[in-house]
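The lines below spell out each chain.
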Amino acid sequence: MRLKNKAAIVTGAASGFGEGIARRFAKEGARVLLADINIDGAEKVVSEINDEGGDAIALQVDVSSGEQNKIMMDRATEAFGKLDILIQNAAIGMKAKPLVETSEDEFDSLFKINVRSVYLGAIHVFPIFKKQGLGGVIINTVSTAALRPRPGLTAYNATKGALVTMTKGMSLEFAPEKIRVNGLCPVAGDTAMLDGFLGDGSKEEAYDRFVSTVPLGRLCKPRDMANAALYLCSDEADFITGVMLEVDGGRCV
């Protein structure tokens, strides 16, 4: 087991990429806190993980709240006795539209959930990692949207672009404490966000057009993200920090 005796938090873990990461981590021996605003979904996944012999708990969390981020960290350390890994995966998408049709409220909401949350998670987990003196790992879910932006998603693209610089900056600031910080850049997957990205009109045609831009001919699956996160959080990657790992089937080449 590649994460035996490790304790992890995964945000946005009730579905999609976060669920895939949480399930894989549990199978690899990690004790996992699944955090999500959708507590019913998180508890369902936790029940299934535990039925399969894993060790997981659920917590309802609004990741844009500093207070709730602190509660999340405290709950994990109380339950597991320590914390080794923070996967910051929670995010929201948007319906494809021109930037000039994107309201100020939607713009602010995107940055609040997608960017502010990553800052908050980092500042609340850092003291825990430092006090433990064992280092730690932070993985931020970024996106190919940060590297190869698509028209109609400019505000969303901007939130993910901000995470590239934030992740790299964090990796430098946190390195003296042996805390590694990396980003995962998936192409879109068959998750709840996809429908909005496809916009109006024929979903089937839009989906086919989207897939045609991926050289390997499919979208990202939760298992793809889980495998990438597993590697970056394992001891095998103990000299890797500040990278943006593209999980995209060649989309960004």
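Parameters at a glance
Residues numbered from 1 in each chain as written. Predicted model: local features only at pLDDT ≥ 70, side-chain atom pairs only at ≥ 80, totals over all residues. Heavy atoms only, no water. Helix = DSSP H or I, 4+ residues; strand = E, 2+ residues; numbered from the N terminus. Expected span 1.5 Å × (residues − 1). Buried < 20%, exposed > 50% of the residue type's maximum accessible area, 1.4 Å probe, protein only. Contact = heavy atoms within 4.5 Å. Pairing = 2+ DSSP bridges. Right-handed = clockwise from strand over helix to strand, strands pointing away.

Chemist: Describe helix α1 (residues 16–27), naming the residues involved and giving the relevant values.
Modeler: With 12 residues, α1 should cover 16 Å at 1.5 Å per step; its first-to-last C-alpha distance of 17 Å lies within 8% of that length. Every buried residue of α1 is accounted for by Phe17, Gly18, Glu19, Gly20, Ile21, Ala22, Phe25 and Ala26. Among the structural elements, β1 (7–11), β2 (31–36), α2 (39–51), β4 (85–88), β6 (179–186) and α8 (222–233) are those in contact with the buried residues of α1. Positive phi appears at Gly29, one or two residues downstream of α1, with a value of about 100°.

Chemist: Which residues make up the pairing of β1, and what are the values?
Modeler: Buried residues dominate β1, accounting for 5 of its 5 residues. Neither face of β1 is exposed, since Ala7, Ile9 and Thr11 on one face and Ala8 and Val10 on the opposite face are all buried. The pairing of β1 with β2 spans 5 bridges and is classified as parallel. Across the sheet, residue Ile9 finds its bridge partner in β2, namely Leu33. Tracing the backbone out of β1, into α1 and back to the parallel element β2 gives a crossover that is right-handed.

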